[in-house]
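What the coordinates show
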Amino acid sequence: MFKSHNPTRPEPLFGRSPRRWVRRLPYGVAILFIAALLPVTGTVLSQDHGLHPDLAVVLAVLQTLPLLMAVRRPLLAWAIVFVADVGGAVALLSVPAQEGRPWPWTPMSIVGMLLLTLAVGLRERRRTLLAVWLLLLSASVVLRSVSPERSDGSWVPLIVLSGVLLVVGGALRERGDAQRALAEQETISEAERARRTLLEERTRIARELHDVVAHHMSVITVQADSAPYRLDGLPSEAREEFASIAATARESLTEMRRLLGVLRSEDASGEGSGGSERAPQPGVERIPQLVEATVRAGLPVELSMPDPLPTGVPQTVDLSAYRITQEALANVVRHAPGAKTRVSVTVDADGSALMVLVVNATAPDADAPPLETSGTGHGLVGMRERVRLVGGTLDTGPLPGGGFRVAARLPFTTNTEEELFTA
């Protein structure tokens, strides 16, 4: 019946509060009541009720010192004080009754018991709280029936107030447990959403990368098959080598198509398996069209690109630059509609990387309220994955004067294209 909800729980009452003074409050309250009740209890029991001083001191210690224990183990502290209070009431039966002195519970024991019932209510479950209240009620009724002439009815307020404090404490505990469970669930849900976003973006990158690599593999197959017909005088060993290269390329292409079929079996992006997935993947040359469509949507965008466009850009870098620009502009539309935005695509000074920069100012206060007042940052997850794919760097964050900045450096030479398939 007295088994604690969690007898080994290490944290004290209010131990999870972020405020230090709240965590220290139960200790301060316990020490304050002990300092006030301990000497008063010993004095009242010995001088006013006539108990032997040694017995009065022992009872005073047992009825007050467990208040400090109640900070961590309130149920155990309540049990010790309850036994001590009952023992004190029985001990008072051995001395002559004093007129005007409350019995079976002294005022000090009532104060201590009420404080402990509140602590128990903050820690234990409903069944335990009901058992505590019924035991206190039973002990009061039994002691009153033993010596009704001594009882002055002071036990009734104790029973009523202890019941109220147990209900209040239990309600506060259940409310706190519900809030903690909700916070934990929200944290888990947010982590799951971030993980799902990451997996969806990786799946999308894998599909696009398949289209890029499959094109190269198809070219290798065609070139290896046609080499004996285009080149005269090839020795038989060279013809066999070209045939082996073509066969290996076809086998690799078949495996990649099988992988793409697995990825498309559960379409994470919801695009389906129609002709849009088979369309050529966009690149830097499509960024002007992307900007034009964004301008038509009401976002003032300024575009800066080299003319002519750089040649020889790896397809993974080309595609990543387009997708990063697309996601950055989408974020501006969602979170700062109407904000002036600048898109810049340049080649590094040494010609080794493609630089993509998207900077937006703050949105107009009155004309364009945000479509989303807060973001999860999941769009940045896809950007980081694409930059990681090509071994580049990504710098994102708010600007000192307001607005947001997305800057990506995508190197032309990278050996990380296959990492997506092994990650």
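Here, every reference points to the structure presented above.
Everything numeric here is computed off the predicted structure, so don't read it as measured data.

A closer look at the overall build of the chain
When its secondary structure is counted, the chain shows twelve helices and five strands. Contacts in the chain between residues at least 24 apart in sequence constitute 74% of all its contacts with a sequence separation of at least 6. In the form shown here, the chain has an accessible surface area of approximately 23,300 Å², with 59% of it arising from carbon and sulfur atoms.

Here's the deal with the pattern of salt bridges
Inspection of every chain in the model, using the stated rule, returns nine salt bridges. Measuring nitrogen to oxygen at the nearest pair gives 3.7 Å for the salt bridge that ties Arg 101 to Asp 48. Here the residue Arg 101 occupies a position in the loop between helix H4 (74-92) and helix H5 (107-121), and Asp 48 occupies one in helix H1 (residues 20-48), the gap between them amounting to 53 residues. Take Arg 101: its relative accessible area is 35%, and that puts it in the partly exposed class. Take Asp 48: its relative accessible area is 27%, and that puts it in the partly exposed class. Among the salt bridges present, the one from Arg 405 reaches Asp 395, with a minimum N-O distance of 2.5 Å. With a gap of ten residues between them, Arg 405 in strand E5 (residues 404-411) and Asp 395 in strand E4 (residues 393-398) connect regions that are remote in the sequence. Classification of Arg 405 as partly exposed rests on a relative accessible area of 29%. Overall, Asp 395 belongs to the partly exposed group, its relative accessible area being 41%. Where salt bridges share partners, they join Arg 126, Arg 173, Glu 174, Asp 177 and Arg 180 into one cluster.

Comments concerning the packing of helix H2 (residues 53-64) against H4
Put simply, H2 and H4 touch, their axes get as near as 8 Å, and they point 150 degrees apart. Judged on the interaxial angle alone, H4 and H2 are roughly antiparallel. As for how H2 packs across H4, the hand of that crossing is left-handed. Residues Leu 55, Leu 59, Leu 62 and Gln 63 of H2 form the contact with H4, whose participating residues are Ile 80, Val 81, Ala 84, Asp 85, Gly 87, Gly 88 and Ala 91. Tallied by class, residues from the contact of H2 with H4 come to seven nonpolar, three polar and one charged.

Side note on unusual backbone geometry
A cis amide bond links Trp 103 with the next residue in sequence, Pro 104, at an omega value of 10 degrees. Following Asp 307, the chain continues into Pro 308 via a peptide bond in cis, with omega recorded as 5 degrees. Relative to the helices and strands, Pro 308 is located in the loop between strand E1 (301-304) and helix H10 (315-335).

Let's talk about a nonpolar patch on the surface
A cluster of nonpolar side chains, Val 156, Val 160, Val 164, Val 168 and Leu 172, forms an exposed patch at the surface whose accessible area comes to about 390 Å². Examined against the element boundaries, Val 168 turns out to sit in helix H7 (residues 155-230).

A closer look at the sheet that holds E5
Pairing is mixed across the open sheet formed by five strands, whose spatial order is E1-E2-E3-E5-E4. Edge strands, defined here as strands with exactly one partner in the open sheet, are E1 and E4. Neighbour to neighbour, the strand axes of the sheet diverge by 5 degrees on average, direction disregarded. Here seven bridges tie strand E2 (residues 341-347) to strand E3 (residues 353-360), and the two strands are oriented antiparallel to one another. For Thr 341, the partnering residue across the bridge sits in E3 and is Asn 360. Against the sheet, helix H9 (residues 287-296) makes contact with E1 and E2, and its axis sits at roughly 170 degrees relative to E1, the strand it touches most.

Things to note about the packing of H4 against H5
Running from N to C, H4 and H5 cross one another at 155 degrees; their axes reach a closest spacing of 9 Å. With respect to H5, the element H4 is oriented roughly antiparallel. The chirality of how H4 crosses H5 is left-handed. In contact with Pro 74, Leu 75, Ala 77, Trp 78, Val 81, Phe 82 and Asp 85 of H4, H5 contributes Ser 109, Met 113, Leu 116, Thr 117, Ala 119 and Val 120. Grouping the amino acids of the contact of H4 with H5 by side-chain chemistry returns ten nonpolar, two polar and one charged.

Thoughts on the packing of aromatic side chains
Two aromatic rings are characterised by how far apart their centres lie and by the angle between their planes. In the structure shown here, the tally under the stated rule is one aromatic pair. Between Trp 78 and Phe 82 the ring centres are 4.8 Å apart and the planes differ by 10 degrees, which places this aromatic pair in the stacked class. One end of the pair is Trp 78 and the other is Phe 82, both in helix H4 and four residues apart, which spans about a single turn. A single burial state applies to Trp 78 and to Phe 82, both of which are buried.

Looking at H9
What H9 keeps buried is the set Ile 287, Leu 290, Val 291 and Thr 294. Viewed end-on, H9 has its buried residues packed into an arc of 95 degrees, placing them on one side of the element. On its buried face, H9 is in contact with E1, H10 and E2. Of the residues one or two after H9, Gly 298 is the one with positive phi, at around 105 degrees.

Let's talk about the environment of Val 95
Here Val 95 lies in the loop between H4 and H5. Each C-alpha atom, one on Val 95 and one on Gly 50, is 6.6 Å from the other, the two residues being 45 residues apart in sequence. Residues within four places of Val 95 in sequence aside, it is in contact with His 49, Gly 50, Leu 51 and Arg 150.

Quick look at H1
Side chains three or four residues apart in an α-helix point the same way, a direct result of the helix having 3.6 residues per turn. The first and last C-alpha atoms of H1 sit 41 Å apart over 29 residues, in line with the 42 Å expected at 1.5 Å per residue. Remark: the principal bend of H1, roughly 30 degrees, maps to Pro 26. Among all positions in H1, only Val 22, Pro 26, Ala 30, Ile 34, Leu 37, Thr 41, Gly 42, Val 44, Leu 45 and Ser 46 are buried. On its buried side, H1 packs onto H2, helix H3 (66-69), H4 and H5.

Conventions and cut-offs
- Residues numbered from 1 in each chain as written.
- Predicted model: local features only at pLDDT ≥ 70, side-chain atom pairs only at ≥ 80, totals over all residues.
- Heavy atoms only, no water.
- Helix = DSSP H or I, 4+ residues; strand = E, 2+ residues; numbered from the N terminus.
- Contact = heavy atoms within 4.5 Å.
- Areas by Shrake-Rupley, 256 points an atom, 1.4 Å probe, with all protein chains shown as cover.
- Salt bridge = Lys/Arg side-chain N within 4 Å of Asp/Glu carboxyl O.
- Buried < 20%, exposed > 50% of the residue type's maximum accessible area, 1.4 Å probe, protein only.
- Axes fitted to C-alpha atoms, helices over the stretch in contact; angles between N-to-C directions.
- Parallel < 35°, antiparallel > 145°, perpendicular 65-115°, else oblique.
- Left-handed = near helix turned anticlockwise from the far one by under 90°.
- Nonpolar A, V, L, I, M, F, W, Y, C, P; charged D, E, K, R; others polar.
- Patch = residues over 30% accessible without salt bridge, like charges linked within 9 Å, V, L, I, M, F, W, Y side chains within 5 Å.
- Pairing = 2+ DSSP bridges.
- Phe/Tyr/Trp six-rings, centres within 6.5 Å; stacked < 30°, edge-to-face > 60°.
- Arc of directions from axis to C-beta.
- Expected span 1.5 Å × (residues − 1).
- Bend = angle between axes of the 7 residues up to and from the residue.

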